[in-house]
Amino acid sequence: MSPEVSPRRVFAAARLLRDLIAYGLASGAALALDYGLLLLCHKTLGLPYLVAAAIGFSSGLALIYALSVSIVFRDRRSVRPASEFSVFCAIGLLGLLLTEALMLLLVGRFGVDPAFAKIPTAALVFLFNFTARRALLFAAPTPVARVFPCFIETWKDSMVSILTRFQRRTGLHFGWKRSRGSA
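Residues numbered from 1 in each chain as written. Predicted model: local features only at pLDDT ≥ 70, side-chain atom pairs only at ≥ 80, totals over all residues. Heavy atoms only, no water.

**Q** Got a minute to help me understand the overall build of the chain in this structure?
**A** Along its length, the chain carries six helices and zero strands. Each helix and strand of the chain, ordered N terminal to C terminal, gives the series α-α-α-α-α-α. Scored against the burial criterion, the 183 residues of the chain give a buried share of 31%. A separation threshold of at least 6 residues defines the contact pool for the chain, and within that pool the share at least 24 residues apart is 62%. In the structure as shown, the chain presents an accessible area of about 11,500 Å², 70% of it carried by carbon and sulfur atoms. (Helix = DSSP H or I, 4+ residues; strand = E, 2+ residues; numbered from the N terminus. Buried < 20%, exposed > 50% of the residue type's maximum accessible area, 1.4 Å probe, protein only. Contact = heavy atoms within 4.5 Å. Areas by Shrake-Rupley, 256 points an atom, 1.4 Å probe, with all protein chains shown as cover.)

**Q** How should the packing of helix 2 (residues 49–72) against helix 3 (residues 81–109) be read in this particular structure?
**A** Packed helix pairs are specified by the crossing angle of their axes together with the interaxial distance, meaning the distance between the axes. Axis separation between helix 2 and helix 3 bottoms out at 11 Å; the angle between their running directions is 120°. The angle between helix 2 and helix 3 falls in the class oblique. Considering only the axes of helix 2 and helix 3, their crossing is right-handed. Here Leu61, Ile64, Tyr65, Ser68 and Val69 of helix 2 come into contact with helix 3, specifically with Pro81, Glu84, Phe85, Phe88 and Cys89. (Axes fitted to C-alpha atoms, helices over the stretch in contact; angles between N-to-C directions. Parallel < 35°, antiparallel > 145°, perpendicular 65-115°, else oblique. Left-handed = near helix turned anticlockwise from the far one by under 90°.)

**Q** Whenever I open this one, the pattern of salt bridges confuses me. Can you help?
**A** Opposite charge on two side chains permits them to pair, given that their charged atoms come into close proximity. A full pass over the atoms with the stated rule returns three salt bridges. A salt bridge links Asp75 to Arg15, with the nearest nitrogen and oxygen atoms 3.1 Å apart. Of this pair, Asp75 sits in the loop between helix 2 and helix 3 while Arg15 sits in helix 1 (residues 7–44); the two residues are 60 residues apart in sequence, bridging distant segments of the chain. What makes Arg15 partly exposed here is its relative accessible area of 22%. Taking the shortest distance from any N to any O, the salt bridge between Asp19 and Arg134 comes out at 2.8 Å. (Salt bridge = Lys/Arg side-chain N within 4 Å of Asp/Glu carboxyl O.)

**Q** Help me understand the environment of Leu25, please; the structure alone is not making it clear to me.
**A** Checked against the element boundaries, Leu25 lands in helix 1. Its relative accessible area of 62% is what places Leu25 among the exposed residues. Note: C-alpha distance between Leu25 and Val72 (47 residues apart in sequence) is 9.2 Å.

**Q** Could you clarify how one ought to interpret the environment of Gly24 in this entry?
**A** Checked against the element boundaries, Gly24 lands in helix 1. Along the chain, Gly24 and Leu127 lie 103 residues apart, while their C-alpha atoms are 9.5 Å from each other.

**Q** What am I meant to see in the packing of aromatic side chains here?
**A** Aromatic rings considered in pairs are described by the distance between their centres and by the relative angle of their planes. Evaluated as defined, the whole model comprises seven aromatic pairs. A network of ring pairs unites the aromatic residues Tyr23, Phe73, Phe126, Phe130 and Phe138 as a single cluster. (Phe/Tyr/Trp six-rings, centres within 6.5 Å; stacked < 30°, edge-to-face > 60°.)

**Q** What exactly am I supposed to notice about the nonpolar core here?
**A** Of all hydrophobic cores here, the largest spans 21 residues; its most connected members are Tyr23, Ile64, Val72, Phe73, Phe88, Ile91 and Phe138. Secondary structure elements with two or more residues in this core: helix 1, helix 2, helix 3 and helix 4 (114–136). Of the residues forming this core, the biggest block, six residues, is contributed by helix 2. The residues touching Ile91, leaving out its near neighbours within four places in the chain, are Phe128, Asn129, Ala132, Arg133 and Leu136. (Core = buried A, V, L, I, M, F, W, Y, C linked by side-chain atoms within 4.5 Å.)

Dropping the structure here:
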């Protein structure tokens, strides 16, 4: 006897898929802006490549945030916009650190060509950014959260703990407090 799938679960799965596709398209637009500005600033305007990369990255981050809050995610937590953007950027920086670590592992340790190492790295970082932003900033629960609530809550608490420690060390305030026992 197979368990019946509830309409609620189907709706949640459809919403997750819709968010994932919309976020993927928004990420593609942000990447195009990032890369385009890098080339424009460096090749055309003659800016140093690190300055051009920072301009491109910052612009891409601003675009993905604008698209995420206006088009991609339909639910938002009740957080001040400045705090929301700060957490959004912090997740992006964690994604950048993950990128660097994975590239170092794949290229430096296993000798994979950087062009090939970037493919699984980009996929994993995309999934990390999507799940972290959706879980921490945008309220719609995923079907996985219903199946594995302990895993999701533990992961979410870990992310909040990392961001809280970052907040304490840097003095930046995100406008939210930990629920359930501060670290």
